[in-house]
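# Per-entry structural report
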Amino acid sequence: MSRIDDILVVGVGGQGIILATDVIAEVFLRAGHDAKKSEVHGMAQRGGSVESHVRRGEEVHSPLISPGAVQVLVAMEGLEALRYAHMVSRGGIILYDPLEIPPLAVATGQSQYPEDLSERLSLYSAKVYPVPAFALASELGNTRTQNAVLIGALASLMEIPDTLWREVLSRRVPARAVDVNQEAFALGSKAIVRGS
Amino acid sequence: MSEHTLLSGNEAIALGAHLSGVRVATGYPGTPSTEILEALAAGDHDETVVQWSVNEKVALEVGIGASLAGRRTLVTMKHVGVNVAADPLMTFTYMGVNAGLVLVTADDPGMHSSQNEQDNRNYARFAKIPVLEPSDSQEACDMVQAAFEISERYDTPVLLRSTTRISHSKTPVNPGDRTESRVDPGFIKDPSRTVMMPAYARGRRVAVEERSEKLRAYVEEVSDAAPSSLNRVEMRDATVGIITGGIAYQYAREALPDASIFKMGISYPLPIAAIEDFAGRVDRLYVVEELDSFWETELLAAGIAITPSSLPRVGELSADAVRAALSADTGPPTHDPAADIPVRPPVLCPGCPHRGIFYTLRRRRYTVSGDIGCYTLGALPPLESMHTCICMGASIGAALGIEKALGEEAPPTVAVIGDSTFMHSGMTGLADVFFNRGNVTTIILDNHTTAMTGHQGNPTAGYDAHLADAPRLDFESLVRGLGVQHVKRIDPYDLEHFDAVLTQCADHEGPSVIVVEGPCVLLPTADPGTIPCVSDQCVGCGACLRLGCPALRRRGTDKRAQVSINADLCTGCALCVQVCPYSAIVGEGADS
Ligand SMILES: Cc1ncc(C[n+]2csc(CCOP(=O)(O)OP(=O)(O)O)c2C)c(N)n1
């Protein structure tokens, strides 16, 4: 695949999606590219479905990635991975946390959470990598670092030096959480077993 | 690009305002405008007063005062806020400024967080003032400075229009130099300019027309090929020419990279002569604009031939929408979205003090006139107990209207309104209920903050725009002052008590108010309870699930599966303990 320029991060409001794309966009800029990111704040933040786009290039125009042009979809929750899977390009990658957060209609029994998630995701991409980021973050004793695990996993797919990712990550998280976020990043960067 | 930093459009507007020497900044929160004042306040610029007003009308009036007093002033609001501020705006335009005044309107095409998607470029034509529209954060920063210059040079308030995609996208910004107002501070007593009674207003009305004439000449002057021009001509291939601006410019560039572009930085008034010239240099001329056909209408009226296109008039544009309407290129191949997957709408947070109120209302046949805030989510299943939502403050007036139209035989009418919304425009509605002998029961959801837009202070919150302590108004005495003597204050987590008070207020002859007092669970002052647990008594009846709490779910897919509580999400509000008919949820608040 050509260089990864267009990344879509999705999940459930409150999971730290916006912080994740802040980090990615700043890494892109610091690596010497034009970069843009876009999301919607407001109502969706209250536990709704959230998407945030990050792009880099010589000159980036639209802050939004076109459907079918997402090179890496990073999903912080399983159902949200499926909701946005159609955005992925031919040859694109889906990197998702198999964590299940049931939406209200599922919790109340009116709807079913999809069971055959990984199978359905594979219809959209030949490269589907589950990364149990929430579980790894829990082991570290801080579930807020779920996003740092996924950033680590994403970084392992890209050509940008780890030192830059780590430096930007440290500047973006609260001072008392720097160490645990670095550990989370390290776990993430070893999480993808390629060719599997 | 290393000297650049990534800023959101809103942060860039705040930076531009700071670089323009803004001394007073006011506004009322509203997505997507809110972070502008927050960023200015966070900047801790000692010379700048930053404050939230109770509503947009007051915010603009404070701004007008500050401008007349000779201080550069920024006023911010969301698109519908300009409706509220329209009254002062439509007359302030006659008066002109002393020091510059820039009014930021942040529009929401696509209605991500709004009740409508009105296109506020129309206000520029309506108020006969210029409107500037940035296409990214760099322009947002630069255009605030340009807007202040125009405001002072042409003696006019200037509108700066952002949209969700500008305000909430981050793009690189390299800030320019600081500019300052050349106006000396001080209020000039000149009634012919500042007292808009008919005799004086007639004179100023003429001045507005003269100003419009000068502005039309000015926009021609700033239309050329220079990169820094506010209206920029970008000649490329001459087959297709596109008139565009704001975020639509980015979509047009992406969809048709070879097309020539006339980029509108000033969206009104239009540089007709410059556009005629551009039209003459391209074979086909399109207009690519989001929402209304604002430019197209103006250009057709000026006799410029525009090629019709099938661009959507509803919702946001995108590079794909522009590609589909204007080019043969089909873009990347796409898949169909996954079918039959559950939706995930926003929900009231676990522990939200609004939840129990709607749970109780759901079990009554009352007509519930609602309002705007987090609590509007009470209209969605499973709570489903709000039956109107129009605009901020409308709940009380609409409730009175329903009651008057149907008379005494109809079910009781209840208005539900948040604290910030009540201060914004609910007070007048309540005085109307009192004056017109209404029976409406008004429920004020006092969570001590403006939660929906991210916890901004208001007169009932106890903190200001800098999060410093602020004087706090007492609802009970306010409501009594508005004429309603039947006032009850209740705890949102005591369902039985609320149920009794609600019945009592609905039966009461005359207007009544219930003040529901409990801080938003996301505030540091919120006081978490102990987390209950579900015992083996649970029969899976689902009564607790009707609370719509994200912390509750069934343990399996079986229709009668037992319920479990997610301890990571639960705040211990104990509403589920109270609603369980089998006393199967045990914790604080359980029957002893
Ligand atoms: C005229 C106007 N201004 C601003 C908004 C944005 N807005 C929607 S609800 C709201 C305030 C909600 O606060 P409150 O009434 O206290 O309810 P809460 O969200 O705290 O439950 C604001 C500012 C709007 N919709 N309309």
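In what follows, the accompanying structure is described.

What counts and what doesn't
Residues numbered from 1 in each chain as written. Chains lettered and ligands numbered in written order. Predicted model: local features only at pLDDT ≥ 70, side-chain atom pairs only at ≥ 80, totals over all residues. Heavy atoms only, no water. Helix = DSSP H or I, 4+ residues; strand = E, 2+ residues; numbered from the N terminus. Rg over C-alpha atoms; globule rule 2.2 N^0.38 Å. Buried < 20%, exposed > 50% of the residue type's maximum accessible area, 1.4 Å probe, protein only. Areas by Shrake-Rupley, 256 points an atom, 1.4 Å probe, with all protein chains shown as cover. Lys, Arg positive; Asp, Glu negative; His and termini not counted. Charge placed at Lys NZ, Arg CZ, Asp CG, Glu CD. Near = heavy atom within 4 Å. Polar contact = N/O pair within 3.5 Å; in protein donor to acceptor, adjacent residues only side chain to side chain. Contact = heavy atoms within 4.5 Å. Buried area = accessible area lost by both parts, 1.4 Å probe. Salt bridge = Lys/Arg side-chain N within 4 Å of Asp/Glu carboxyl O. Nonpolar A, V, L, I, M, F, W, Y, C, P; charged D, E, K, R; others polar. Pairing = 2+ DSSP bridges.

A few words now on the overall build of chain A. Looking only at helices and strands, chain A features eight helices and six strands. In chain A, the order of α-helices and β-strands from amino to carboxyl end is β-α-β-β-β-α-β-α-α-β-α-α-α-α. By the compact-globule yardstick of 16 Å for 196 residues, chain A fits well, its C-alpha radius of gyration being 16 Å. C-alpha atoms of chain A, sized along the principal axes, occupy 50 × 40 × 40 Å. Considering chain A as a whole, with its 196 residues, one finds that 63% of them fall into the buried category. With the model as given, the accessible surface of chain A reaches about 7200 Å², and the carbon-plus-sulfur share is 51%. Here chain A contributes 18 positively and 22 negatively charged side chains, and the mean placements of these two sets differ by 3 Å.

Residues and elements named next belong to chain B. The immediate surroundings of the ligand are formed by 26 residues, with Glu56, His354, Asp419, Thr421 and Ala451 found nearest. A distance of 2.9 Å separates an oxygen atom of the ligand from a polar backbone atom of Met452. Contributions of two or more residues to the shell around the ligand are made by helix H4 (79–95) and helix H16 (419–435). Top element by residues in the shell around the ligand is H16. It accounts for four residues.

Facing 54 residues of chain A, the contacting portion of chain B comprises 55 residues. For the pair chain A and chain B, the summed buried surface comes to about 4800 Å²; carbon and sulfur atoms form 57% of the total. Between the two partners, chain A and chain B, sit four salt bridges. B:Arg344 is the salt-bridge partner of A:Glu77, the closest N and O atoms lying 3.0 Å from each other. On the surface where chain A and chain B come into contact, there are 16 residue pairs in polar contact (both at pLDDT 80 or more). Within the residue set of the side of chain A that touches chain B, elements represented by two or more residues are helix H1 (17–30), strand E2 (34–39), strand E3 (49–57), helix H2 (78–84), strand E5 (88–96) and helix H3 (104–107) of chain A. Sort the elements by how many residues they give to the side of chain A that touches chain B and E2(A) lands first, with six residues. For the side of chain A that touches chain B, the residue count by class is 23 nonpolar, 15 polar and 16 charged. Summarising the sheet, E2(A) and strand E8 (residues 169–173) of chain B pair through two bridges and their orientation is antiparallel. Bridged to A:Ser38 within E8(B) is B:Ser169.

As far as function goes, none of this settles anything; it's purely spatial.
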